[in-house]
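Structural features, examined
What follows is the residue order along each chain.
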Amino acid sequence: MASPNNLQFQEFEEAAELLSADPGASTLSMSGSNTPSTTASAGEDVKLDLSEDEEGQQESSELLGGQKPSGGFWTFEYYQSFFNVDTMQVLDRVKGSVMPQPGRNFIKYYLRSNPDLYGPFWICVTLVFSVAISGNLSTFLVERGNPTFHYRPQFHRVTIAAVVIFMYAWLVPIGLWGFLTWRQGAERQIGGYSFLETVCVYGYSLFIYIPTSVLWIIPYDWLRWTLILIAMVISGSVLVLTFWPVVRDDTKVTAVATVVTIVVLHTLLAVGCKLYFFQTAASTPTALPTSSTLHNHTTLAVKTN
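None of these values were measured; they are calculated from a predicted model.

Concerning the nonpolar core
In this structure, Val201, Tyr202, Leu206, Tyr209 and Phe243 are the most contacted members of the largest nonpolar core, which totals 46 residues. Among the secondary structure elements, those contributing two or more residues to this core are α4 (87-98), α5 (106-111), α6 (118-143), α7 (156-184), α8 (195-205), α9 (209-215), α10 (221-247) and α11 (252-277). The biggest single contributor to this core is α10, with nine residues. Those residues in contact with Tyr202 that sit more than four places away from it in its chain are Tyr168, Val172, Pro173, Leu176, Leu239, Phe243 and Ile262.

Structure representation (structure tokens):
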């Protein structure tokens, strides 16, 4: 049976080997008498470990919360954070923009404090080309039976569509966000939206107009107006269901006026694109020969013979 002295010596030998392998390792004495210095050093080690765990938990919570890094706006990382989404997130948000449900806030349910500019940017770019190209094809299909019509691609429509769509997708959210911030005062409410969230929901709400603009090629005016009405109801519902919870606590007149303004501006965009890019060609009827004209031609023919 080993004596207590042997056990203590073996423990000290193992500790010496560990310290030689890792000189920076911290040790705790397991002896029965705890000196104040040993207790203080142990307490300091435990406190250091806890602080590191808390910092790690704080960083994890910030990542889960979707907070953007606080880099300067002149750095690449600052703008890279706005495109930090994957394909499934973008598809999920597109699905939510075309299938709005009552009681389901688009920002709180789909964005989850992680708004992006990737989806809105490409939706606007795709909408610009779909409206311009579909408008050219629609003009060609309507005028193809006219012998005096010579088709020329109207490339200036791409520029006009880009100016109109991007101005709507940026200026209207800027105005709405500024108005809501002003109405909420210096201390913003919990339900207030950031500027990036406002731009994001406006960008995704325009997705429904991409397939609608393609279907506008069909040369039936009643079908085009029906498609416009359906698209306006779907995309307008996304905006109303998103911003109504923010403005409903304001005065009744202000809340109703804000929602009506949102719907009116959205309607003007759809109707304006239809009237400019998908104009219904005014058919010019061919003048029918009158009886006097036929009589003159007959007389000239007889005199010639």
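So, next bit.
A short note on the packing of aromatic side chains
Counting across every chain of the model gives 13 aromatic pairs. Measuring from centroid to centroid gives 6.0 Å for Phe106 and Tyr204, while their planes differ by 45 degrees, and the two rings are tilted. Residue Phe106 is located in helix α5, and its partner Tyr204 is located in helix α8; the two are separated by 98 residues in the primary sequence. Each ring, one from Trp170 and one from Phe195, has its centre 6.3 Å from the other, and the planes form 45 degrees; the classification is tilted. With Trp170 in helix α7 and Phe195 in helix α8, the pair connects residues that are 25 residues apart, well separated along the chain. For Phe195, a relative accessible area of 27% gives the class partly exposed. If you follow Arg104 out to its NZ or CZ, it ends over the ring of Tyr109, 4.0 Å from the centre.

Notes on a nonpolar patch on the surface
On the surface, Val163, Met167, Trp170, Leu171 and Ile174 cluster together into a nonpolar patch covering about 450 Å² of accessible area. Mapped onto the secondary structure, Ile174 falls in helix α7. Note on Ile174: relative accessible area 39%, which makes it partly exposed.

A short note on the environment of Tyr204
Tyr204 gets classed as buried once you look at its relative accessible area, which sits at 0%. Sequence separation between Tyr204 and Phe106 is 98 residues; the distance between their C-alpha atoms is 9.7 Å. Look past the residues within four positions of Tyr204 in its chain and what remains in contact with it is Val90, Arg93, Val94, Ser97, Phe106, Asp116, Gly119, Pro120 and Ile123.

Scoring rules and cut-offs
Counting from 1, residues in each chain are numbered in the order their sequence is written. It should be noted that, the model being predicted, local features are given only for residues of pLDDT at least 70 and side-chain atom pairs only at 80 or more, the latter also being counted only at that level, while totals for whole chains, interfaces and linings use all residues. Just so you know, side-chain values use all the structure's heavy atoms and leave hydrogens and water out. Remark: nonpolar core denotes a set of buried residues (Ala, Val, Leu, Ile, Met, Phe, Trp, Tyr, Cys) joined through side-chain atoms within 4.5 Å. Exposure classes here rest on a 1.4 Å probe applied to the protein chains alone. A residue is buried below 20% of its type maximum, exposed above 50%, and partly exposed in between. Numbered from the N terminus, helices here are DSSP runs of H or I no shorter than four residues, and strands are runs of E no shorter than two. The contact rule is simple, with two residues in contact once any of their heavy atoms fall within 4.5 Å. Pairing of aromatic rings covers Phe, Tyr and Trp, the last through its six-membered ring, and needs centres within 6.5 Å; plane angles under 30 degrees mean stacked, over 60 mean edge-to-face, and all others mean tilted. Whether a charge lies above a ring is judged from NZ of Lys or CZ of Arg, which has to be within 6 Å of the ring centre and within 35 degrees of the ring normal. What goes into a patch is any residue over 30% in relative accessible area without a salt bridge, connected to like charges within 9 Å or, for nonpolar side chains (Val, Leu, Ile, Met, Phe, Trp, Tyr), within 5 Å. Here the accessible surface of atoms and residues is derived via Shrake-Rupley with a 1.4 Å probe, and residues count as covered only by protein chains that are part of the display. By definition here, a salt bridge exists when the distance from a side-chain nitrogen of Lys or Arg to a carboxyl oxygen of Asp or Glu is within 4 Å.

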